[in-house]
Structure formats: C-alpha cells, structure tokens
Amino acid sequence: MNCYPCARENMDAAAVAICSVCGKGLCLDHAVERELPLVQRVSGWVDQSLVHILCAECAEVKTLTD
Ligand SMILES: [Zn+2]
Ligand SMILES: [Zn+2]
C-alpha cells in the first residue's frame, strides 16, 4: 500500500502505517501518533488505551473534540 496523502500529490511513498479512523495508508511523514483512551472500537482494534496512528485530518478532528 502507498501513502494516501503522498499519492494525492503524485508522490510515491510506501505506507508504514494505516490511519485507525479512516483507514488511509500513511508514510512516516504523514502518520500522526495519538494516545486515545478506550472506546472507539474501529474495525477490530482492542479496547484499551493505546497509541493510534491517525492521518492529519483525523488527528485534527480529535484535537478539536478534546
Ligand atoms: Zn506521505
Ligand atoms: Zn484518517
């Protein structure tokens, strides 16, 4: 899988992570680490506090709702 934001800019970067909210592939430059408490059971993620990898758009939404 390739990085989605990079692909939109016609760049070819391999994805090293996947946004746990929207499922986009992300390279290291575009991956945002966020520690989230329980809840948010998104496509099989376990229910515990852990670091989620988010894309920039999803990270922004999370910040606004904090
Ligand atoms: Zn990228
Ligand atoms: Zn996302």
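Quantities reported herein were computed from a predicted structural model and do not represent experimental measurements.

About the criteria used
Residue numbers here run from 1 along each chain, matching the order of that chain's written sequence. Naming scheme: in the order in which they are written, chains are lettered from A and ligands are numbered from 1. Predicted model: local features are reported for residues with pLDDT of at least 70 only, side-chain atom pairs are reported and counted for 80 or more only, and whole-chain, interface and lining totals are derived from all residues. Hydrogen atoms and water are omitted, and side-chain values are computed over all heavy atoms in the structure. Numbering of helices and strands runs from the N terminus; a helix is a DSSP stretch of H or I covering at least four residues, while a strand is a stretch of E covering at least two. A 1.4 Å probe rolled over the protein chains alone gives each residue an accessible area, and that area as a share of the maximum for its type sets the label: buried under 20%, exposed over 50%, partly exposed in between. We call two residues contacting when some pair of their heavy atoms lies within 4.5 Å. In this description, accessible areas are obtained by the Shrake-Rupley approach with a 1.4 Å probe, and a residue is regarded as covered only by the protein chains that are shown. With water excluded from the atoms, a metal site may look incomplete; its donors are any N, O or S atoms within 2.8 Å, or within 3.2 Å for Na, K and Ca. A site with four donors is called tetrahedral when every donor-metal-donor angle falls between 85 and 135 degrees; four donors are called square planar, and six octahedral, when opposite donors sit more than 155 degrees apart and all other angles fall between 65 and 115; any other arrangement is irregular.

Let's talk about the overall build of the chain
Okay, step 1: A tally of regular secondary structure across the chain gives two helices and four strands.
Okay, step 2: Ordering the α and β elements of the chain from the N terminus gives α-β-β-β-β-α.
Okay, step 3: Within the chain, buried positions represent 29% of all 66 residues.
Okay, step 4: For the chain, long-range pairs separated by at least 24 residues make up 34% of all intrachain contacts whose partners lie at least 6 apart in sequence.
Okay, step 5: Of the roughly 4,600 Å² that the chain leaves accessible, carbon and sulfur atoms contribute 54%.

Regarding the coordination of the zinc ion (ligand 1)
Okay, step 1: Every protein donor of the zinc ion (ligand 1) is listed here as Cys3 (SG), Cys6 (SG), Cys27 (SG) and His30 (ND1), and their distances to the metal cover 1.9 to 2.3 Å.
Okay, step 2: Here the zinc ion (ligand 1) binds four donor atoms, and the angle range of 105 to 113° at the metal identifies the geometry as tetrahedral.
Okay, step 3: Mapping the donors of the zinc ion (ligand 1) onto the primary sequence yields the spacing C-x2-C-x20-C-x2-H. Judged on exposure class, the residue Cys3 and its partner Cys6 are both buried.

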